[in-house]
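Each chain, written out:
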Amino acid sequence: AAQTQHATQLLATDLPAALPTVWGDRHRLGQVVDELLGNAVRYTPAGSPVTVQARPTPDGGFVEVIVRDQGPGLPVTGPMGRGDDRRQRGAGLGLRLAQGWVEAHRGRFWVENPATGGAACHFTIPVITAMRTWRRPSGSAWLL
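Think of each chain on its own: its residues are numbered from 1, step by step along the sequence as written. This being a predicted model, a pLDDT of at least 70 is required before a residue's local features are given, and a value of 80 or more before pairs of side-chain atoms are given or counted; all residues contribute to the totals for chains, interfaces and linings. Hydrogens are left out, water is left out, and the side-chain values use all remaining heavy atoms of the structure.

Asker: A description of the pattern of salt bridges should follow, citing residues and the corresponding values.
Answerer: Counted as salt bridges are all cases of a side-chain nitrogen of Lys or Arg within 4 Å of a carboxyl oxygen of Asp or Glu. Under the criterion given, the structure shown has 1 salt bridge. The partner of R55 in a salt bridge is E64, with the nearest N and O atoms 3.4 Å apart. Only protein chains enter the accessibility calculation, which uses a 1.4 Å probe; a residue whose area is less than 20% of its type maximum is buried, one above 50% is exposed, and one in between is partly exposed. When its relative accessible area of 33% is taken as the criterion, R55 is described as partly exposed. By relative accessible area, which is 11% here, E64 ends up buried.

Listed below in structure tokens is the structure:
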């Protein structure tokens, strides 16, 4: 675990000493993390923490990344980026793009509103050893 102070937010990390190597495009995955951190900082009140956590999934096939903020939360009942007031302030499109990049990497993307408040954005990315056992369906392509 580590902490750093942004101009107005505290960024706390909960990362194990070693994580499995994931399969993916470094640039696109960096954009996903940048988008989630940017939104978390934008919507978290000054002086409140933004937390980034990463851990292997129980089956060992993915790494799950979680970005938690202390903002107003996100709607989790409808399509992300539609009908929420964050969209009106510019967060909806970025989250939809982040979701698309994660899914292009064969991962999952979802949001939760913890009982303690704020939003928690989760995504998973496959580890390299899991990718070695997957087979691409005939006539299809992976977008990377």
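Asker: Tell me about helix 1 (residues 26-43), and name the residues and values.
Answerer: Look at helix 1: 26 Å from first C-alpha to last across 18 residues, which is about the 26 Å you get at 1.5 Å a residue. Put simply, D25 is the residue that caps the front of helix 1, since its side-chain oxygen is 2.9 Å from the backbone nitrogen of H27. The helix and strand labels rest on DSSP assignments: H or I over at least four residues marks a helix, E over at least two residues marks a strand, and numbering proceeds from the N terminus. What a helix is expected to span follows from its residue count: subtract one and scale by 1.5 Å. Any pair of nitrogen or oxygen atoms within 3.5 Å is treated as a polar contact; in protein, a donor-acceptor pairing is required on top of that, and neighbouring residues in sequence qualify only through side-chain atoms on both sides.

Asker: Which residues make up the confidence of the model for the protein chain, and what are the values?
Answerer: Here the protein chain averages 80 in pLDDT, while 72% of its residues score no lower than 70. Highest mean pLDDT in the protein chain belongs to strand 4 (residues 62-68) (96); lowest belongs to helix 2 (residues 85-88) (44). Contacts of residues 1-5 to residues separated by more than four positions or lying in other chains number 13 contacts, the stretch itself having pLDDT below 50. Note that residues 81-90 has pLDDT below 50 and, in this model, 18 contacts with residues that lie over four places away or in other chains. Here pLDDT means the predictor's own confidence in every residue, given as a number from 0 to 100. The contact criterion used is simple: two residues touch if any of their non-hydrogen atoms lie within 4.5 Å.

Asker: How would you explain helix 3 (residues 92-104) if you had to name every residue and give the values?
Answerer: Across its 13 residues, helix 3 extends 18 Å between first and last C-alpha, which sits within 8% of the 18 Å expected from 1.5 Å per residue. Taken together, the buried positions of helix 3 are occupied by G92, G94, L95, A98, Q99, V102 and A104. In the segment just after helix 3, R106 is the residue with positive phi, at about 70°.

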